[in-house]
Structures are given as C-alpha cells and as structure tokens.
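Working through the structure, step by step
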Amino acid sequence: METETAIPYGRRTQTAPAVPEVDILWITAGLGCDGDTVAITAATQPSIEDILLGALPGLPQVRLHNPVLAYRNGNDFLEPFREAAAGRLGPFVLVVEGSIPNERNKSEGYWAGFGTDPATGQPILTCDWIDRLAPRAWAVVAAGTCATYGGIHAMAGNPTGCMGLADYLGWGWRSAAGIPIVNVPGCPVQPDNFMETLLYLLTQAAGRAPMIPLDDKLRPTWLFAQTVHEGCDRGGYYEQADFADLYGSPRCIVKLGCWGPVVQCNVGKRGWINGIGGCPNVGGICIGCTMPGFPDKFMPFMDMPPGAQLSSTAVLTYGRTVRALRKFTQGSMNQEPEWRHR
Amino acid sequence: MSTAQPAKPPQIVEMSWDPITRIVGSLGVYTKIDFANRRVAECHSTSSIFRGYSVFMKGKDPRDAHFITSRICGICGDNHATCAVYAQNMAFGVRPPALAEWIINLGEAAEYMFDHNLFQDNLVGVDFCEQMVKETNPSLLAKAETTAAPHGVLHSYRTIAEIMRALNPFTGALYREALQMSRLAREMFCLMEGRHVHPSTLYPGGVGTVPSPQLFTEYLVRLMRYVEFVKKIVPLHDDLFDFFYEALPGYEEVGRRRVLLGCWGAFNDPDKCDFTYKRMSEWGRAMYVTPGVVVDGELVTTDLVDINLGLRILLGSSFYDDWQGGETFVKADPLGNPIDQRHPWNQTTIPRPQKRDFQGKYTWVMSPRWLDKRTGHHLALDTGGGPLARFWATALAGKVDIGYIQATGKSVKIYLPKTANLPEQELEWKIPRWSNTIERDRARSYFQAYAAAAALYFVKQAQQEVFAGRTATFSEFQVPGEAIGCGFHEAVRGVLSHHVVIRNGKIANYHPYPPTPWNASPRDSLGTPGPYEDAVQNCPLFEENGPDDFKGIDIMRTVRSFDPCLPCGVHMYLGNGREIQVRHAPMYGVQGPGEGGRS
C-alpha cells in the first residue's frame, strides 16, 4: 500500500517508447570537413547532451557513435559499425556526413576510406560502408550539403566525382522502416536544424510522431519551406527599395550578391547559435549553401544574382513611394501631441 | 628523445589505430611497439581522404576563394576564410578600414576561445579522464585519489581524481561546462563573423558586420564570463598536467621531439598592416601573436618574407605526381627574391590514387618543410598544436606589449581583470624545458587566456573607432587581371598560409597550407618523418596494459596533443597484437636529440 502511494500518479500515465534504445552510427568519412559534427556540439534545441543524458521525456535511450566525440579508438570504435553491417545491431540511425566520391573513376587507390580491412591492409571505402549499413538502417540521415547534394567538393572541375547520398543510393530509396533519406542541408548544417530533425526521428521511433514530413528534395518541410528572404529582418529595406551599395551597411544586400529571395533556409529567423548570427540578417550575403545547386549555380558569389536585377528594379517605384510616405508619417509620429507642455 | 639503449631484447608487435577518434578528420597511426622495452619502435601516420581544393579552384573567381576555402575545415574554417581574405587583400591591393580588422581579430579570438576549449576538455580531456585512466593506469588513478589539487581553492576540485572525474564524457561536470562555454564563445564568434564555422560576413576589403555600440556590448559581456571560466581552468590544467610529471617520472619524454616550431603570426595591427608584400616584414612583426621559427630554442626569424621564402612542399610518401618539371607560376616575389619550384606559389597538385604501402606511398598528406638557409636543412617544423609555437615565438620575440599581454623575452604575461566572482589574475606562461605532449596541452589552456586577454584589447580599440564615428567596415577594390598574393595566419592548431596566383582575372593557382600537413606529414623525399611520426616514434610507454588489452593511451595523448585536424587521418590497429619479429640487436628506439627533424 505504501509503495503504491509512493509511485507518483503521473508516472502511471506515462508509456514506454516503442523501442527502448537506438544507436546512432555517424560516418564523417565522406568528402566533408566534420563541420556538421562540430555544429551539433553548438546546438541547444536540443543539445547533444540533452539527447544522450535522457533530458527529454519519452525518448529511447540513445548511444552515439561519432568519431569526433567517441571515447573509443580504432577497431574498438569500429565495432558497432561492424556489428551493424553484420545485422547484429538495431535499430540504428545512419548519419552520413560528407559527399560520396566516385571510386570507379580511377584505376586503383581510394578517395575516401574509413578504417582498414584486416584482410587486405587497405582502407575500407566509405561507399562500401554505406552499401553495407544503409540496407539495415532504421533511417538514414544526410547531414550537411555535401552529404545531401554534393556541396563544395562536387564543384565543377573536381577530381573525385563526388555526389550526395540520394544521388548515390537513389532518390526513391527507402529504409527498411519505409523512411526516405532525410536531408538536412546547410554548409555547415544549422546546429538546431539538425538536432531537431534527429529529435523528430527519435520521437517517430518512439511511436509518438507520424512519418517525418519531407519535401521533394527530402528536406524536413517545417524547416525548409520558407526562403531566407521571407524570414530576413532586412526584408523591410527591400520592400522600400533601399539597397546597400557597400558591405557593412544595415540595408538590403541583394545587389551585393545575396541570394536570399530564392534560397530555402531558416537562418534569418533562427540565427546561427542561440539566436545570434546568421547571414543576410547580419550582413553576410546568402550564397545558397542549403541548395542542391550549391555552389556552382551561385558563383561568383559576390556578383548580383541575375534575377535580382529585375526584381530590385521592379520594386523601385513602389518602394521609393512608400518610403517617402512613411518618412512623412514617421516625422509626424515623432512629435508628441501638442498639449503636452508646461 | 632519450638516447638510452633498450635494455632487453625487443619484442616488437604491430599495432594500429584507424581511425583515431576525438580529432577532426580521418587519421590512422600504424606503429611497431617494443613491449619488452615499453617503447614505440616505429610509426607511420596516414590519412584516407582526398577532396582536391587546389584542383577544383583553378579557373574560379578569386573573390570566391575565402567562401570556398573555409570549407576545408569544419572546426577552424573561419581561420581559412580569414587567411584567404588576407591573401585576397594583398592580391587586390586593398586595405580594409581599421574597424574591419578589429572585428576580424575579435572573431578569430573567439574562435581560439571556442576551439581550444572544446578540444581541450571534450576531446583531449577524455584521455585524462577517470574512466580512461582507470582502464590504462589503475595505480595512477589510485594515486590521484589521494593527491590534493594545489589550486583547488580556485577551481573547486579537491583532488586530481576529482578533476579526472569531471572530465568523464557527458557525465563529468567540467566536460559539460566546457561544452556550454564553447557555445558562449561561438556566440561571440557569430556576433563578428556571422556564422560558425563557415563565416558569412567576411569579404576581401573588409566585413559586412554592422558595427554599433550594441555589437561590442554583446561581445564584451560574454567575454567576461569566459574570462572568469579561464581563471579556473588554467590552474586546473596546471594541477592535472603537473601531476603526470610527478606521478610518472619520465613522462616528459612522452611525445617529446626536438624544438622545431613554426608560428605564422595572428591578429593584424590595422595601423601597421597595409597588406603589401613589400612591407610584410614590418607589419608581420607588429602582429599581436608574433610570427617566428624556433629551432632548438633559438628564434631563427620573425620575418614573414623569410618564412615565405623558406616554404618547400616535398613529396616522398604521398599519393601525388611530382610537379618539378611543371609550370613555374611565380619566378620572383615582389621584392625580387627567387621563388623555388617547390614553393606553394609554384605547386601543381596532381593526385595519383594508389594502394597504400607503408614502405612506399601511404597517405594523402604531403610534406611541407621549411628550408633553414643557415644549414640548408629542410626542417619538419611542427606547430606544437598551435599554442606552444605561438607562445614560444611570441615570448622570445618580446614584441607584444598591450597591457593585457606582455611578452618578456622568456615568458608571456597575461592579465585578466576582475570578473563577477573572482579577483584580477596574472598568468605567466614560461618557456618550458621540453616540446612534448604535456607542454603542448598546457599551452592550449594558457592560450585560451591569451585569446581572451587579446580580445579585451581589441574590444577597446573597436569601441574607440565606433565612438569616433569611423564606422565604415569595407573598402572597395577591383580584381586585377594578373596578381599574386599570400596570407599568413594561425589556424587554431597552428601555421596557416594561403598562396594565390591570378591570371586573366581568374585563379590560376591556389594552395592552402594548414597546420595539419605540417604535423601529420609522412616521411618526405629526404627520408625525414613528419612530426606525429617523429613524436610517437621512440615514445616511452607508461600504460600498464600489455599487448592484449593495450589502449595506446600515451600514443593517443601524443597524437592529440598536436590537435589533429585532418579532414585527412592517423591509423593504428588495436588489440589482437601480432608479434611480428624478435630482434636481439637493439635496432629500435635509438634516436639522438638532433635527429628528430633530420634533413
């Protein structure tokens, strides 16, 4: 009787997650820079320690296997990867960081390897790991623009022939659980965007959320439906046709190379870390780093986007007119009512 | 290295760790370990990733260089962007307004604060944490439990074992506090450079950051919180590292190599720096971290032109074809000095993927060396993980004197003013007796204080510009048809240079040299091993485990002391050690102190 009353009522209303434990196997051995892994250490919504220490209710216990944050080294570290490839570990989420090189465009050697094959003494190709792990994964997540669409390392003239994960596995690919590849682009990925996507998947694995909503480029819809411009605090300058001629101005920088009006990214609203920083909102031209066309279609970055020529001209008459009218009204509103005096 | 001969017949076991974790990038270390004499007999380091920046940047717009090269590194990309901007400024002939330079200095200072903090207490720290020490040296942990921490009053951990527990991954209090402080420092970074780790607001000619009193207020308030943190962690790390010297006599030999340090300087003084090559010697010496090459404790030069002219990129064990007969892009520098075909300005990168062969070619890393014109030796300089070389060069040069920081000729004094809960504090980094694992790690903590103190000075300078109404942050420029440029900077983990050649308004050649090619380089064409290899080779082993459960902790600590950042790698195999040969002649483990960087 006493022990029963000692159990809080609320606890009895809780249900266990559908799966008690999830492993996250994170491969950084694509052609990348580890910037997406570093980004997740910046996240606070949620933070990585929130996830690993069970700070959020109702989630499975998570074990993270990421080389930058791992306790173990070498073969000890690779053990869960080998287990997973052999079908002895599950369920797991495979996170891929970096683009996937084309290992067939040369006669021998490797562009990217991860660990060594004890039989040959040669590196195990990163793409071989993906071939072995992806079919067994509960979900596969591409972290950052290299892994999603190829990114910087897939620039014209590159020697490695690299590509994004969906180009490698196929855009129609589905995991054993029926989940498409989940793309979280960004160069690097916005920290909270990634952690929030991971949190959604863990919630889905726990049986508490429906299938993750993705757009046709496999991005989470609630994070990537809006353009930078739609969330940019300099959008008001654009509306008033008030364009900066030089970097360092607080006005709209679309004429200086900002691609914000067409790029799908929430950085203007979310900032970079704890709401601080970003791109055009703090004076950095948007170079389109979340987009499949990045980087080639946005280069040279510091030239005005061709479309901005037309749109910034079209808005000129309207913008200048409303700016003048608002200036007039603003002047009036800056005066106190006339009866406030001694 | 000690010249002591092995006392027992060697028992050589091949061991490798691949991948080495808790670093950035892919690194493997392959060793032969003499368990009879508890010493590393041989070491090769290898990296298994190639991306090809110097290949795909050809023909691109030179204004794009900093956006592109930032993507080289995911933890210090902004160091690349900054260095690229320096090279662009030189090539374009543009001098940014002073305020822009203070803003960049503040951003870069925040990067050092963030990165050293994260690396020291979340990556390196795990090698010193309770869980690890229990696995590798249980008797050392027992001793730590009963050893009082001399500075416990400052940092609140009473024993060395309490410090070790606080470093346990995720569950340790210091581990988690460090993560939080690294976020605070990244907020400071983003105030100045927009986004981390690939900045949005840097441009050739200046920055897009909008200066206002608010910008510097937001930075300063966070900075002082970081300063308070630094006042605790510098004495904390002194306690931890001194304990290793005291508890494990001979630990100073772990990771020790000849003093061969390079520092390319950081934080320009906008009053002096006009980005012209011709005056580079002068404005280089005015940097707030003094550039320099230190050989056997002697400061060989502080001249960036000398440093530039001595750069040589060697092959030997790397997966590339040679360019010796290739195009010479730059025959002489703007001062008329001849430029060698093996200099980055004249390098042509020709990747040649092939099987890995430790007797032949085994890595994607090349072998940068510095030609010491006094001796004709191609020195395998290391960076000491960054801070050790920065401190050593700055201390010996004795030039930096900004109130918060004073270089004395044999030490560097750092002044941290009063914070909310702690009184003022003066720290002094003194030139150590060794260039070894512990001193690389110790210097990292002190450099967190250095960066914070420098930032206090930069905030004041920036505020004065704003208060005086000088708020422009950008100078206009034209991209010339033909030009060359170079940038010198300190990435978090050491020397960084970018060399660009522009023809017909496009990039004709571009070669970045980050710290990791210096530190992780393989045996070069002259047979000189790279610094990781050199520091691990002959390293005495203090781990209590035998071959069957060997963790290689002393090797791991040594490799990590350099703060590896290879978006490349060192590989070692662990466990299941296979005994490969038993030699009775003491062939291994013998290396004189002068041979570390033999050329």
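Overview of the structure. Position numbers for residues start from 1 in each chain and track the written sequence from start to end. The order in which chains are written sets their letters, starting at A; the order in which ligands are written sets their numbers, starting at 1. For a predicted model such as this one, the threshold for reporting local features is a pLDDT of at least 70, and the threshold for listing and counting side-chain atom pairs is 80 or more; totals across whole chains, interfaces and linings nevertheless cover every residue.

**Observations regarding the overall build of chain B**
Helix and strand assignments come from DSSP, with helices taken as H or I runs of at least 4 residues and strands as E runs of at least 2, each series counted from the N terminus. Within chain B, the secondary structure is distributed over 17 helices and 22 strands. Radius of gyration here uses only the C-alpha atoms, and the compact-globule reference equals 2.2 Å multiplied by the residue count raised to the power 0.38. On C-alpha atoms alone, chain B measures out to a radius of gyration of 23 Å, which is about the 25 Å that the 2.2 N^0.38 rule sets for 599 residues. Dimensions of chain B along its principal axes, counting C-alpha atoms only, are 70 × 65 × 35 Å. By residue count, 64% of the 599 residues in chain B fall in the buried class. Taking all contacts inside chain B whose residues are at least 6 apart in sequence as the whole, residues at least 24 apart take part in 75%. Residue burial is a threshold on neighbouring C-beta atoms within 10 Å of the residue's own C-beta, all placed from the backbone, with 20 or more meaning buried, 12 or fewer meaning exposed, and counts in between meaning partly exposed. It is the C-beta atoms, placed from the backbone, that decide contacts: two residues are in contact if theirs lie within 7 Å.

**Some remarks on the overall build of chain A**
Secondary structure assignment for chain A yields 14 helices and seven strands. Across its three principal directions, the C-alpha atoms of chain A cover 85 × 75 × 35 Å. Scored against the burial criterion, the 342 residues of chain A give a buried share of 51%. Within chain A, contacts between residues at least 6 apart in sequence are counted, and of these 73% link residues at least 24 apart.

**Structural notes on the sheet that holds strand β7 (residues 260-263) of chain B**
Residues and elements named next belong to chain B. Strand order in the open sheet made by the three strands is β7-β8-β9, with antiparallel pairing throughout. If you trace the sheet from one side to the other, it starts and ends with β7 and β9 (298-301), each paired once. Taken pair by pair, the neighbouring strands of this sheet meet at an average axis angle of 25 degrees, ignoring direction. When DSSP finds two or more bridges between two strands, those strands count as paired. Relative to strand β8 (residues 292-295), β7 runs antiparallel, the two being bridged by four bridges. Looking at the pairing, Leu-261 lines up with Val-294 of β8. Lines fitted to the C-alpha atoms define the axes, with helices restricted to the stretch that makes contact. Angles between their N-to-C directions range from 0 to 180 degrees.

**Description of helix α13 (residues 387-397) of chain B**
Residue and element names in this part refer to chain B. Taken across its eleven residues, α13 has eleven buried, putting it largely inside the fold. Those residues of α13 that sit buried are Pro-387, Leu-388, Ala-389, Arg-390, Phe-391, Trp-392, Ala-393, Thr-394, Ala-395, Leu-396 and Ala-397. Of the residues one or two after α13, Gly-398 is the one with positive phi, at around 65 degrees.

**Side note on the interface of chain A and chain B**
Taken together, the contacts link 65 residues of chain A with 74 residues of chain B. Contributions of two or more residues to the side of chain A that touches chain B are made by α3 (35-40), α4 (48-52), α5 (74-85) and β4 (113-116) of chain A. When residues are grouped by polarity, Ala, Val, Leu, Ile, Met, Phe, Trp, Tyr, Cys and Pro land in nonpolar, Asp, Glu, Lys and Arg in charged, and all others, Gly among them, in polar. Partitioned by chemical class, the residues of the side of chain A that touches chain B number 35 nonpolar, 23 polar and seven charged.

**A short note on unusual backbone geometry**
For the bond from A:Gly90 to A:Pro91, the omega torsion is -5 degrees, close enough to zero to count as cis. Looking at where A:Pro91 falls in the secondary structure, it is placed in the loop between α5 and β3 (92-97). Across the junction of B:Asp18 and B:Pro19, the peptide omega takes the value 5 degrees, indicating a cis bond. Looking at the element boundaries, B:Pro19 is found in the loop between β1 (11-17) and β2 (24-25). Even without being glycine, B:Ser156 reaches a positive phi, approximately 80 degrees. By secondary structure assignment, the location of B:Ser156 is in the loop between α7 (152-155) and α8 (160-166). One non-glycine residue, B:Asn538, lies in positive phi territory at about 80 degrees. Positionally, B:Asn538 belongs in the loop between α16 (531-536) and α17 (553-561). Look at B:Asn538 and you get buried, because 24 C-beta atoms sit within 10 Å.

**A short note on the nonpolar core**
Soluble globular proteins tend to bury their nonpolar side chains together. Note on definitions: a nonpolar core is a set of buried residues drawn from Ala, Val, Leu, Ile, Met, Phe, Trp, Tyr and Cys, linked by C-beta atoms within 7 Å. Core analysis: the largest hydrophobic core is formed by 297 residues, its most contacted members being A:Val93, B:Leu106, B:Ala452 and B:Ala454. In contact with B:Ala454, not counting residues within four places along its chain, are B:Ala109, B:Phe267, B:Tyr288, B:Tyr404 and B:Ile405.

**Comments concerning the packing of helix α9 (residues 173-193) of chain B against helix α10 (residues 213-247) of chain B**
Residue and element names in this part refer to chain B. Two elements in contact, α9 and α10, have axes separated by 9 Å at closest approach and are oriented at 155 degrees. One element, α9, and the other, α10, form an angle in the roughly antiparallel class. Judged by the twist between their axes, the crossing of α9 over α10 is left-handed. Contacts between α9 and α10 involve Met-181, Leu-184, Ala-185, Glu-187, Met-188 and Leu-191 on the former and, on the latter, Leu-215, Glu-218, Tyr-219, Arg-222, Leu-223, Arg-225, Tyr-226 and Phe-229. Residues that form the contact of α9 with α10 fall into these classes: ten nonpolar, no polar and four charged. Note that the term roughly parallel is reserved for angles under 35 degrees, roughly antiparallel for angles over 145, roughly perpendicular for angles of 65 to 115, and oblique for everything else. Handedness of each helix crossing follows the sense of rotation of the near helix against the far helix: counterclockwise by less than a right angle gives left-handed, clockwise gives right-handed.

**Focus: the packing of helix α4 (residues 98-124) of chain B against helix α14 (residues 437-467) of chain B**
The packing of two helices is summarised by the inter-axis angle and the distance between the axes. All names here are of chain B. Interhelical geometry of α4 versus α14 gives an angle of 155 degrees and a closest axis separation of 8 Å. Comparing the axis directions of α4 and α14 gives the class roughly antiparallel. In this structure, α4 meets α14 at a crossing whose hand is left-handed. Classifying every residue of the contact of α4 with α14 gives 17 nonpolar, seven polar and three charged.

**Focus on the environment of B:Arg352**
Residues and elements named next belong to chain B. Positionally, Arg-352 belongs in the loop between β12 (350-351) and β13 (367-372). In the structure, Arg-352 is positioned 32 residues away from Tyr-320 in sequence and 4.7 Å away in space, judged by C-alpha atoms. Ignoring sequence-local partners within four residues, the contact set of Arg-352 consists of Phe-319, Tyr-320 and Asp-321.

**Thoughts on the sheet that holds strand β1 (residues 21-27) of chain A**
All names here are of chain A. As summarised here, the arrangement of the five strands in space is β2-β1-β3-β6-β7, forming an open sheet in which the pairing is parallel. In this open sheet, the two edge strands, each paired with only one partner strand, are β2 (61-65) and β7 (182-184). Strand-to-strand, the axes of this sheet are offset by a mean angle of 20 degrees, without reference to chain direction. Summarising the sheet, β3 and strand β6 (residues 139-143) pair through five bridges and their orientation is parallel. Along β6, the bridge assignment pairs Val-96 with Ala-142.

**Here's the deal with the pairing of β6(A)**
Residue and element names in this part refer to chain A. The element β6 is largely enclosed, with a buried count of five among its five residues. Of the two faces of β6, both are covered, the one formed by Ala-139, Val-141 and Ala-143 as well as the one formed by Val-140 and Ala-142. Across three bridges, the pairing between β6 and β7 is parallel. Residue Ala-142 lies in a different strand from β7, and its bridge partner there is Asn-183.

**Considering the environment of A:Leu89**
All names here are of chain A. Residue placement: Leu-89 occurs in the loop between α5 and β3. The exposure class of Leu-89 is partly exposed, given the 19 C-beta atoms found within 10 Å. Sequence spacing of Leu-89 and Ala-241 is 152 residues, and the spatial spacing of their C-alpha atoms is 58 Å. Apart from the residues lying within four places of it in its own chain, the contact partners of Leu-89 are Asp-23, Pro-80, Glu-83 and Ala-84.

**What about the environment of B:Ile339?**
Residue and element names in this part refer to chain B. As for its placement among the helices and strands, Ile-339 is situated in the loop between β11 (320-321) and β12. A C-alpha to C-alpha distance of 9.0 Å links Ile-339 and Thr-328, two positions eleven residues apart in sequence. In this structure Ile-339 touches Val-330, Lys-331, Ala-332, Asp-333, Trp-345 and Asn-346, once residues within four positions along its chain are discounted.

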